[in-house]
Amino acid sequence: MGKKKLSEITDPQARTLRVICQIIDEKGLPPTVKELSEVLCISHASAHEQIAQLVRKGYLKKEARKARSIVVIRRPE
């Protein structure tokens, strides 16, 4: 068994991406890291890491030190 491709995301990352898309679709604004952590019932640090991994894999874009700066580049398939 080989390693997963870099662009493939884990189940928790896919869930995070789906929730981000859902919040954007419902509210018209992306969630803050705090809001995301509350919705996913995970720590702030875990939510931040999920976002960082999705940015690295090309699913999200985020501006540093700015709340609500998450931009979805690729939606889950």
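Residues numbered from 1 in each chain as written. Predicted model: local features only at pLDDT ≥ 70, side-chain atom pairs only at ≥ 80, totals over all residues. Heavy atoms only, no water.

Let us now look at unusual backbone geometry. Of note in this structure, Cys-41 is not a glycine but carries a positive phi near 60 degrees. Among the structural elements, Cys-41 can be located in the loop between helix H2 (33-40) and helix H3 (44-56). The class for Cys-41 is exposed, based on a relative accessible area of 70%. Despite not being glycine, Arg-68 has its phi angle at roughly 55 degrees, a positive value. Note that Arg-68 resides in the loop between strand S1 (60-61) and strand S2 (71-72). Exposure remark for Arg-68: the relative accessible area of 36% places this residue in the partly exposed category. (Helix = DSSP H or I, 4+ residues; strand = E, 2+ residues; numbered from the N terminus. Buried < 20%, exposed > 50% of the residue type's maximum accessible area, 1.4 Å probe, protein only.)

This next bit is on the packing of helix H1 (residues 11-27) against H3. Where H1 contacts H3, the two axes come as close as 10 Å, and the packing angle between them is 90 degrees. Considered as vectors, H1 and H3 are oriented roughly perpendicular to each other. Together, Pro-12, Gln-13, Thr-16 and Leu-17 of H1 and Gln-50, Gln-53 and Leu-54 of H3 make up the contact between the two elements. For the contact of H1 with H3, the class distribution of residues is three nonpolar, four polar and no charged. (Axes fitted to C-alpha atoms, helices over the stretch in contact; angles between N-to-C directions. Parallel < 35°, antiparallel > 145°, perpendicular 65-115°, else oblique. Contact = heavy atoms within 4.5 Å. Nonpolar A, V, L, I, M, F, W, Y, C, P; charged D, E, K, R; others polar.)

Following the sequence through the fold, Arg-15 ends up in helix H1. With 19 residues separating them along the chain, Arg-15 and Lys-34 place their C-alpha atoms 16 Å apart.

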